[in-house]
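# Observations on chain architecture
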Amino acid sequence: MSIPELSPEQARVRVAHGAVLIDVREAHERAGGMAEGARGVAKGELLADAVAHLPLPEQEILLICQSGKRSADAAQALLDAGYTNVSSVAGGTVAWRELSLPLVQPLTSAADRDFYDRYSRHLLLPQVGEGGQRRLQQSRVLVLGAGGLGAPAGFYLAAAGVGHLRFADHDRVERSNLHRQIVHTEASVGQLKVDSARERLLALNPSIEVEAVPERVTSENVDRLLQDVDVVLDGSDNFPLRYLLNDACIKHAKPMVYAAIERFDGQVSVFDAGRQRGVAPCYRCLFPEPPPPEFAPNCSEAGVLGVLPGLAGVLQATEVLKLLLGIGEPLVGRLLRFDALGMRFRETGIGPDPQCPVCAPGVPFPGYIDYAAFCRGG
């Protein structure tokens, strides 16, 4: 049985004569404007309990969606359920808008309107949806370092709506940072990096919280920094800090999203041994001992292509969002390496070390050590 369709003009006339017009789109879609006279009831909600919304089966019912498909499907379901006078609006709200017919804004708060508008493309994804976006809104992430990795990652986490970003970094912006640390500007030179990052990220998304912690991360403050966070993003640039952060994440059972860059090469992984002992590796499983300094120069010694940390930082932000949303396959037990000159990616499996002194099952947390001396081989 074909579904009766009405043009937007015909539907408007029928509404003026008493027909019920139902917009079956999701709330975030309706936030952009609804056909005048429509009531918003999402398709799933309507079909789950049609009688609650449409108690009179003989009443004239018009359904509208974005382009006409969902409303036609819903109309067919209502006809099958015994409703006798159901039509779909051809072309949906898109056609209604193109004809310059009146639209109204649903009665929502300013905060909800911002939410639905700002994250509209996320809300269309079944893997995210409104529930996932609300979860991001309630999430807390520690970004260690507001430099090359933390800058691009922070931008995308802020844009994605992660509700609380805690940046920890004691450095100030230098002009040599600007070719890769894109969260900072010329006007930021001399400013604390965490303050500069906070200003730019709140300018991008004022609905989130950005906590600036202008401190060098040490064994004395790392526990406080990890308090109440869901995921840790490692934007550090030295081995002592990476080992400290790894150990703290195991102690507090927090996933750590790792990246490292040098010249034209980078690598990214997720270490989640604190929550998955014996299953997921930690940073020490990959690097039981740090390499000699001559084999691991930092950016100030070896140089780095300016876009490289952007690539690594965006990959880190992607992994953080996947972890917060519980979707996809995070890089747990996998090291993703990339060569920007050849634009090649390759993946290496990493297994947990059953003898790892920090993350092996049943091993109590040994406490923090002198990480600088450890990395010197002392």
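Residues numbered from 1 in each chain as written. Predicted model: local features only at pLDDT ≥ 70, side-chain atom pairs only at ≥ 80, totals over all residues. Heavy atoms only, no water.

Let me state the cut-off plainly: UniProt positions are given in the numbering used here, feature names are shortened, and annotations may be inferred rather than shown by experiment.
The protein carries the name Molybdopterin-synthase adenylyltransferase in an unreviewed UniProt entry, which gives Stenotrophomonas lactitubi as its organism. Here the protein is described in UniProt, under the heading Catalytic activity (unreviewed entry), as follows: "[molybdopterin-synthase sulfur-carrier protein]-C-terminal Gly-Gly + ATP + H(+) = [molybdopterin-synthase sulfur-carrier protein]-C-terminal Gly-Gly-AMP + diphosphate". The Function (unreviewed entry) field of the UniProt record for the protein holds the comment "Catalyzes the adenylation by ATP of the carboxyl group of the C-terminal glycine of sulfur carrier protein MoaD."

### A closer look at the pattern of salt bridges
Convention followed: Every case where a carboxyl oxygen of Asp or Glu lies within 4 Å of a side-chain nitrogen of Lys or Arg is listed as a salt bridge. Secondary structure follows DSSP: runs of H or I at least 4 residues long count as helices, runs of E at least 2 residues long count as strands, and numbering of each begins at the N terminus. The buried label goes to any residue with under 20% of its type's maximum accessible area, the exposed label to any with over 50%, and the partly exposed label to all in between, with areas taken from a 1.4 Å probe on protein chains only.
Tallied over the entire structure, the rule returns 18 salt bridges. Close ionic contact of Arg14 with Glu60 constitutes a salt bridge, the shortest N to O distance being 2.9 Å. With Arg14 in helix H1 (residues 8-16) and Glu60 in the loop between helix H4 (50-53) and strand S5 (61-64), this residue pair connects regions lying 46 residues apart in the sequence. Given a relative accessible area of 30%, Arg14 falls into the partly exposed group. Ionic contacts of the salt-bridge type, sharing partners, join the residues Asp112, Glu130 and Arg134 into one network.

### Quick word on the sheet that holds strand S6 (residues 86-89)
Operational definition: Strands are treated as partners if at least two bridges between them are detected by DSSP.
Across the sheet, which stays open at both edges, the 5 strands sit in the order S1-S6-S5-S2-S4 with parallel pairing between neighbours. Edge positions in the open sheet fall to strand S1 (5-6) and strand S4 (38-40), since each of these has one partner strand only. In this structure, S1 lies alongside S6, joined through 2 bridges in parallel fashion. Residue pairing in the sheet places Leu6 in a bridge with Val89 of S6.

### Overview of unusual backbone geometry
Phi at Ser100 takes a positive value of approximately 60 degrees, unusual for a residue other than glycine. For Ser100, a relative accessible area of 63% translates into the label exposed. Backbone geometry places Met343, a non-glycine residue, at a positive phi of 45 degrees. Residue position: Met343 is located in the loop between strand S14 (334-339) and strand S15 (344-349). Judged by relative accessible area, Met343 falls into the exposed class, the value being 51%.

### Overview of the environment of Gly68
Basically, it comes down to this: The contact criterion used throughout is that any non-hydrogen atoms of two residues lie within 4.5 Å.
Note that Gly68 resides in the loop between S5 and helix H5 (69-80). Sequence-distant contacts of Gly68, that is, excluding residues within four places in its chain, are made with Ser88, Val89, Gly91 and Gly92.

### Points about the sheet that holds strand S9 (residues 164-168)
Which entries qualify depends on this criterion: The axes used here are C-alpha line fits, helices contributing only the stretch in contact, and every angle between their N-to-C directions lies in the interval 0 to 180 degrees.
Taken together, 8 strands build an open sheet; the order of strands is S10-S9-S8-S11-S12-S13-S14-S15 and the sheet is mixed. Every interior strand has two partners, whereas the edge strands, strand S10 (209-213) and S15, have only one. Taken pair by pair, the neighbouring strands of this sheet meet at an average axis angle of 15 degrees, ignoring direction. Across 5 bridges, S9 lies against S10 in parallel orientation. Bridge pairing in S10 links Leu165 to Val210. Packed onto the sheet, helix H13 (residues 239-252) meets strand S8 (140-144), strand S11 (231-234) and strand S12 (256-262) and runs at close to 170 degrees relative to S12. Helix-sheet contacts for helix H16 (residues 308-325) involve S8, S11, S12, strand S13 (265-271), S14 and S15, and the interaxial angle to S12 is about 170 degrees.

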